[in-house]
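Structure assessment
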Amino acid sequence: MDEENEDDRRRAADAEMARVLKTKPLNIAAGLDPSSGRIAHWKHGALHDVVQPMADHVIMTYIDTMQPLERRTGKSVTKGVARPGVVTIIPAGTSARWDIAGAIDVVQLYLPPIIIERISTEAGKAMPTGLVERTGYLDPVTSRFLVTAAEALEGNSTLDAMFRQQITDLLATRLLSAHVGTAVPLLPASGGLSPSVLRRALERLRSENDADVSLTALAADAGLSRFHFCRAFKASTGMPPNTWLRLYRLEQAKAMLRDPSISIVTIAAALGYASQTAFSAAFRKLIGISPSEFRRKSI
């Protein structure tokens, strides 16, 4: 009972970060599915405060930043430097005083502990002992994952939700292998999907029903966990599901842009983007030119 009461007292990570950072995030992405975790991008000033216990693990990395970090827990003091390529980890349920002298540009992932447990179980491994506290710890792999997560959100609810689910699972896998008390070795994928299962998965990805293209639905239809489905799908197609779907939607966009009777606003809405601006930004990122420029060159 005491443990349950303690869990109830833990604050949501985004709420606690807003309290201590005394600002609002530049961007925060969260789906209705709590298993996708949450990704937030913050810019904040000096910090001298105690971070209270949170319900989620907080994993963060830094962009264009160079600032000393100091974490104090009781009489224990840990120092590091916030800079690109390093990560800081605040395990769920822990508390410490933080002292940061100046401005920070940081990307944070709020990861429910149950995700670490699920990935470990799906991989057929023993439950990890818990995440290790890190303060400015060199880990360019995890750092790159986090920066990519922040950069890739593009205003398409289907693509963003699928990407968050995949990047969360990838990060949880990385944490299990590099940031727990006893590392959990995860074996590489042993094979792809069967032809019939792959065919059904691709049919779902081509569907216009967003519910059909969630990772949860795709994995369930294949009779696999999300962890194993993503590995097997990549083994079969050479790319993860969200990349396949993004390229498929791109080809749809190109075909529609070649028809001058369809407005760009209509195309953006048909492909699930929140606005024409979001669609144009995503299209330019992949193609290098705007939808309008592509249309002019294609007609």
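Now for a look at the structure at hand. (Residues numbered from 1 in each chain as written. Predicted model: local features only at pLDDT ≥ 70, side-chain atom pairs only at ≥ 80, totals over all residues. Heavy atoms only, no water.)

1. A few points about unusual backbone geometry
Using the following cut-off: Strands here mean DSSP runs of E at least two residues long; helices mean DSSP runs of H or I at least four residues long; both are numbered from the N terminus.
Even without glycine at this site, K22 takes up a positive phi of about 55°. In this fold, K22 is placed in the loop between helix 2 (13-21) and strand 1 (27-30). Non-glycine residue D64 carries a positive phi angle of around 45°. Relative to the assigned elements, D64 resides in the loop between strand 4 (57-62) and strand 5 (67-73).

2. Looking at the environment of A281
Within the fold, A281 resides in helix 11 (residues 276-287). For A281 and P291, which are 10 residues apart along the polypeptide, the C-alpha to C-alpha distance reads 9.1 Å.

3. Quick notes on empty space enclosed by the protein
A probe matching the size of a water molecule, rolled over the atoms, marks out where space remains unfilled. Stated precisely, the cut-off is as follows: Cavities and pockets were defined on a 1 Å grid built from protein atoms only: a cavity is a group of points that admits a 1.4 Å probe but offers it no way out, a pocket is an open group of points flanked by protein on both sides within 12 Å along at least five of seven lines, and a lining residue is one with an atom within 4 Å of any such point. Grid points are joined across faces, edges and corners, and a volume is the space filled by probe spheres set on the points. Only Asp, Glu, Lys and Arg are considered charged in this grouping, and only Ala, Val, Leu, Ile, Met, Phe, Trp, Tyr, Cys and Pro are considered nonpolar; every other residue, Gly among them, is considered polar.
Applying the stated criterion across every chain yields a total of 2 cavities of 30 Å³ or more. Approximately 130 Å³ is the volume found for the largest cavity. Along the walls of the largest cavity sit 15 residues, with L47, M60, W98, I100 and Q108 positioned nearest its centre. When contributions to the lining of the largest cavity are tallied by element, the ones reaching two or more residues are helix 2, strand 3 (47-51), strand 4, strand 8 (96-100) and strand 9 (104-111). Classifying every residue of the lining of the largest cavity gives 13 nonpolar, 2 polar and no charged. Quantified by volume, the second largest cavity comes out at close to 60 Å³. Around the second largest cavity, the lining residues are R246, R249, L250, A253, L271, Y273, F279, A282, F283 and L286. A per-class count over the lining of the second largest cavity returns 8 nonpolar, no polar and 2 charged.

4. With respect to the packing of aromatic side chains
For the record, the criterion: Pairing of aromatic rings covers Phe, Tyr and the six-membered ring of Trp, with a centre-to-centre limit of 6.5 Å; geometry is then stacked below 30 degrees between planes, edge-to-face above 60, and tilted otherwise. Exposure is judged per residue with a 1.4 Å probe applied to protein chains only, and the accessible area is read against the type maximum: over 50% gives exposed, under 20% gives buried, and values in between give partly exposed.
Per the stated rule, a full pass over the model turns up 5 aromatic pairs. Between F229 and F233, the aromatic rings sit 5.8 Å apart at their centres with planes inclined by 40°, giving tilted as the arrangement. Of this pair, F229 and F233 both sit in helix 8 (residues 226-237), separated by 4 residues, roughly a single helical turn. Considered together, F229 and F233 belong to a single accessibility category, that of buried residues. A centroid spacing of 5.6 Å and a plane angle of 70° characterise the contact between F283 and F294, whose relative ring orientation is edge-to-face.

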